[in-house]
Each structure stands twice: as C-alpha cells, then as structure tokens.
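# Reading the structure
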Amino acid sequence: ILAGHGCVDAPASWRTLRALAEERVPFLASRRCRHFLAAIAPRLLAAIAAPPAPDATLATLGAVADSLGGKGVLWELFSAHPPSLDLTVRLCASSPYLSGLLVAPPGMFAGLLDGLVVQDLPTAASLAAELGDLCRGAVDPEPILQAFKASHHLRIGVRDILGRCSITAVTVALSAIPEAILRTVISLEDARLGDRLGEPMAGGGARDARRAEMVVVGMGKFGGGETNYASDVDVMFLYDEDGRTFPARRSRRSSETTTNAHFFSELAQRTIRIVNRSGPHGRLYELDCRLRPAGRGGPAAMSLDELARWFAPDGPASAVERLALLKARVVVGSGAAADRAREIVVRASYGHRWTAADIRAVREARYRLEAGAKTTNLKRGPGGVADIECIAQLLQALHGRDDARLRTADTAAAIDALHEAGHLDSADHRFLAAAYRRLRLVEGRLRLLDAAARHDIPAAPTEQRRLAHLLGTDPATRIEELPSLTAAIRRHFETFFDRLVEPAPSA
C-alpha cells in the first residue's frame, strides 16, 4: 500500500506510520490515537502521495506530531477539519523552514491555524503593540522575541503558500516583524541604559531640556518593505541632538553621566547584540549597520548633523552611498527627529546632481556585487534582482528631484511610478515589473525550501521538484524558464546604462 502511494523505502515509512499511532506521553491513551489515525489514514496517505518525496514527508509529519505531545489531538483535528490536514502535509512536503517552525519552539501549531482562519496580515503597528504587551516586565525578552518571530512567520507563510496574498503583501508583512522587534528592544534597552547613564538631553543636558531621541532608518530590502523570510536587516542608528545625559528622575541611585554620542552608540550596540545573538533557536536577524561615515570601526550611532554633513551636496559621500539612501525608511522614531531624518535622506539622494562618472561608478559597483555569485544566484548574479533595483533606483535619482511621486523605497512601486511619469515605456514597464515579481516570488520559495544557498536555484533534481511544487503550476514560474529570464534582464541592464552614458574612453 505504501509503495502504491509513492514511498520508495516502504519498510521505513511503515515504521513511521506505526509510530504515528503511538502516544509517547505515558498518561495519553494510544488506543484513542490509533482510532483517530485510522479514521484519516486513507486521506492522509493520498495527501502524502501528491507532492514529491512521500517518505520524507511522512517522516517530517512524524517529527511535527511528536513535538505537539498529544498526537491523538492532531489526528482528531484533521478528522474534523480536513483543510488543516492538507495544509500540514503541504508544509511537511515542501517547506522545511515552516515545518521546522512547527517543531521548535513548541506551541507553534496555533500559528498554522491562524494562517487558515485569520484573513488579514499583521501590520507594523499591530505587531509593535502585541510585542510590547508580551515583553512588559520580562527579564530576558529573547525567548519571547524568538517565539514572536516564529509564530508570525508561520502565519504569513501559510497564507503565502496557499496563494491568499500577493508577494508584495507578504514582504511588507515580513518587514513589519523586525520593525516591531527593533522598536521593542530599543525601548527596553533605552530604559535600562537610562537608569545607569542618565537621560540624554538636547543642548547642555539640563534637567528641563528636551530629551534627545534615537531614530533608526531601515535600508535595503528592509527599508523598502521587501524583506523575505531570510533577509538581513540593514539599518542606520541616528540621534537628533548632541549634548549630555542627566541623572534619571526614576533612578534611586545616582547615575553616571556621559555624552549623548556615547549613550546612543551604547544603545545601538546593545540592540545589535540582542538581535544578532545566537540562541537555542538561532539568531533573530542578521542586523547590519554598515552605511555610516566612519565605517565598521566607528561609533554605531551618529548624529543627524553628522549625517547631513556627510551627505551634503559637496560632502564626501559616494554616488553609491547616495543611491542606497533611496531605499531608506524611518522605522523607529517620531516627531521632529524622524521628520528631519527624512529631509536629510531626500536631500542626500534626490538633491545630488548626477554626472556620467557617478553613473559609471554605480554600474561598476553592480559588477563588483556579482563577483563570486553563481549565474543561478537570483539576487546578485547577472540578471538578478539587483539589476532591476539598480535600473529603478538610478531612474528615481535622476528624475525624483523634480517629481515627488518617484520617491518611494519600494522597488515594485518605483517601477510603476516611473512608468506613470513617462520615464519607462510600456514594454519596459511590463517586462521589469513582471520579472521583478517572478524573481522575488522564487526567492521567497527558496527560503521556504530552506535551501543552503538561499538565493541560488538548487542543482539537485529532488530539490528542484520540491521548489517546482512550491511554485505551483503557473507557466511563468517554471524553473527551466529562469535562465532565459535573467539573460533578458541583463540585456535590459546593459542597454539602460549604455543609453545613459557613453562608454569611458579607453586608455
């Protein structure tokens, strides 16, 4: 029977199936477990036979069931609610990443059911409020943060796999999770640091002065609201005013005082350590703050005045750095400090007078980015996502000075805005918009597949079949079509830059 359902190693799969009928917890009745498993066995085996690798699917389902403790409850749920059976088998068959979330940390199965029942994806505001409540009074928030991320990745991933939301909605929701985590971590660490170093004040640090504020600017995919399940989180840590700290009113002991620069750099370093820390369930995110005037060796946070000087029209910032600011977005901060950060970013990126040398520098930086990447790399490889982003961002930089409609950090929205403003013809717009959506969709599915090379098309036939199963039956997403797509994107990239600037004279 198992061989007829596609199992290659039928004896091993039979042992797995028998294990599904036995409760491991002593006070739970295996008889009840066997009863409910028998009731769903025909439908369960049919569901396992549909995707590739039924043996592996059955083994993964066993690991998920073991993590829950009471297998009989799971089989009873599947009997009463068949869509939950189909979804769980689909996750076990095609998404090692999501099925891994069901196994550890414990208690994640509710997130799977939320994905079936809850209609709306979470927003940054709702996530920040939820996480703030969860972490209130917590001595060590790290387990809470890990479980929070896992549960919402599972909830979003379920709706993603079921095709109930667009790739744009998925990436916006995934970007809201690290935004909520950053807000919560900074709030907790700011209070703890204030007790020790005092409150950072604007100006001379008088008790009645206004409190200085931290502003965090998201960059790259995070800034554009285009984060996938494995994206790094690129940020800049800023603060609005220089000055000194003043002993906190709430502190019962006398606080040492320091400069605002030291306070906010320490706050940024604490945030980086918490987010980057490797715990039992891995790290939360790869948090990076490379884009700062002093480089990696300088302070982790810089003042808004320093940022304005660096990116002034005659400042030392390079063309590539200015282009990177097009994807900047304030993710932590409010009021006048956040508004001023946005003004500096707009002046730095859209106020710059772009020259032929600047455009050549951008092109050369793109070639350097693809160095070492395989041709199958859908992000950095030739014709990858970075080619489309480079085209869109440079057009934004060239024309956004006089047209505020083009000032968006979202690449897909930028492509549409450039077409509406007449800077992309209909053919280029259709091609770039469709190509960007396709590559981003495949990138997201690669992460759900938990591929070792998270941006490379897998070479193993088994992995390719699993990826194809995740992508569905749409001809536009066929794996065999991707090489011709990336080749066409690279031709657009070369033609675009050749039109903008004549080749540099040979030596």
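Criteria and thresholds
- Every chain is numbered independently, its residues counted from 1 as its sequence is written.
- pLDDT decides what is reported in this predicted model: residues at 70 or higher carry local features, side-chain atom pairs at 80 or more are listed and counted, and totals for whole chains, interfaces and linings draw on all residues regardless.
- Working from all heavy atoms in the structure, the side-chain values ignore hydrogens and water.
- Secondary structure is summarised from DSSP: a helix means a run of H or I of at least four residues, a strand means a run of E of at least two, and numbering begins at the N terminus for each.
- For a compact globule the rule gives 2.2 Å times the number of residues to the power 0.38, and the radius of gyration it is set against comes from C-alpha atoms.
- The cut-offs for exposure are 20% and 50% of the maximum accessible area for each residue type, with area from a 1.4 Å probe on protein chains only; residues under the lower value are buried, those over the upper are exposed, and the others partly exposed.
- Using a 1.4 Å probe, the Shrake-Rupley method yields the accessible areas, and only the shown protein chains count as cover for residues.
- When charges are tallied, Lys and Arg are placed among the positive residues and Asp and Glu among the negative ones, while His and the ends of the chain are skipped.
- Charged groups are reduced to one reference atom each: NZ for lysine, CZ for arginine, CG for aspartic acid, CD for glutamic acid.
- Expected helix span is computed as 1.5 Å times (number of residues minus one).
- Should any heavy atoms of two residues lie within 4.5 Å, those residues are counted as being in contact.
- A carboxyl oxygen of Asp or Glu within 4 Å of a side-chain nitrogen of Lys or Arg is what we treat as a salt bridge.
- Residues adjacent in sequence count toward polar contacts only when both atoms are side-chain atoms; beyond that, a polar contact is any pair of N or O atoms within 3.5 Å, and within protein one must be able to donate a hydrogen and the other to accept it.
- Only buried residues count toward a nonpolar core. Its members are Ala, Val, Leu, Ile, Met, Phe, Trp, Tyr and Cys residues joined through side-chain atoms within 4.5 Å.
- Two rings belonging to Phe, Tyr or Trp (six-membered ring only in the last case) form a pair when the distance between their centres is within 6.5 Å. Interplanar angles under 30 degrees mark stacking, angles over 60 mark edge-to-face geometry, and anything in between is tilted.
- Either the NZ atom of lysine or the CZ atom of arginine qualifies as a charge over a ring when it sits within 6 Å of the ring centre and within 35 degrees of the ring normal.
- Strand pairing is defined by DSSP finding a minimum of two bridges between the two strands.

So, on to the overall build of the protein. On a plain count of helices and strands, the protein comes out with 21 helices and 9 strands. Here the protein has a C-alpha radius of gyration of 26 Å; the compact-globule value for 507 residues is 23 Å, and the two agree. The dimensions of the protein, computed from C-alpha atoms along their principal axes, are 75 × 70 × 35 Å. Taking all 507 residues of the protein together, the buried fraction comes to 52%. When the accessible surface of the protein is totalled, it reaches about 22200 Å², and 55% of it is carbon and sulfur. Treating the 64 positive side-chain charges of the protein as one cloud and the 59 negative ones as another, the clouds have centres 3 Å apart.

The end-to-end C-alpha separation of helix 15 (residues 335–350) is 22 Å, in line with the 22 Å expected for 16 residues at 1.5 Å each. Listed in full, the buried residues belonging to helix 15 are Ala-337, Ala-338, Ala-341, Ile-344, Val-345, Ala-348, Ser-349 and Tyr-350. Close packing links the buried residues of helix 15 with strand 2 (214–219), strand 3 (233–239), helix 13 (304–310), helix 14 (319–324), strand 9 (329–332) and helix 17 (385–399).

Let us look at the pattern of salt bridges. In total, this model carries 32 salt bridges according to the counting rule given. The shortest N-O distance in the salt bridge between Glu-266 and Arg-273 comes to 4.0 Å. Here Arg-342 ties to Asp-339 by a salt bridge, and the two come within 2.9 Å at their closest N and O atoms. Here Asp-339 and Arg-342 lie together in helix 15, a separation of 3 residues that amounts to about one turn. According to the relative accessible area criterion, Arg-342 is partly exposed, its value standing at 40%.

Turning to the environment of Thr-88, a few remarks are in order. Structurally, the position occupied by Thr-88 is in helix 5 (residues 82–94). At 2.7 Å, the side chain of Thr-88 forms a polar contact with the backbone oxygen of Ser-84.

Judged by nonpolar contacts, the single largest core of 124 residues is most densely connected at Trp-75, Ile-181, Leu-182, Val-216, Val-235 and Phe-237. By residue number, the principal contributor to this core is helix 10 (residues 167–197), which donates 12 residues. When near neighbours in sequence (up to four residues on either side) are disregarded, Ile-181 contacts Leu-131, Leu-145, Phe-148, Lys-149, Leu-284 and Tyr-285. The next biggest cluster of nonpolar side chains, apart from the first, holds 19 residues, and it includes Val-215, Leu-238, Ala-337 and Ala-341.

On inspection of all chains with the given rule, the structure shows 7 aromatic pairs. When the centroid spacing of 4.8 Å and the interplanar angle of 50° are considered together, the rings of Phe-493 and Phe-497 count as tilted. Placement of the pair is Phe-493 and Phe-497 together in helix 21 (residues 482–500), with a separation of 4 residues, close to one helical turn. There is no split in this pair, since Phe-493 and Phe-497 are both buried. Of the aromatic side chains, those joined through ring pairs into one cluster are Tyr-367, Phe-493, Phe-496 and Phe-497. One residue, Arg-407, lies across the ring of Tyr-350, its end atom 5.4 Å from the ring centre.

A separate point is the pairing of strand 3. Taken across its 7 residues, strand 3 has 6 buried, putting it largely inside the fold. As paired strands, strand 2 and strand 3 are joined by 6 bridges and run antiparallel to one another. Its bridge partner being in strand 3, Met-219 is matched across the sheet by Asp-234. With 2 bridges joining them, strand 3 and strand 7 (residues 287–288) adopt parallel strand pairing. By the bridge assignment for strand 7, Asp-234 is matched with Asp-288.

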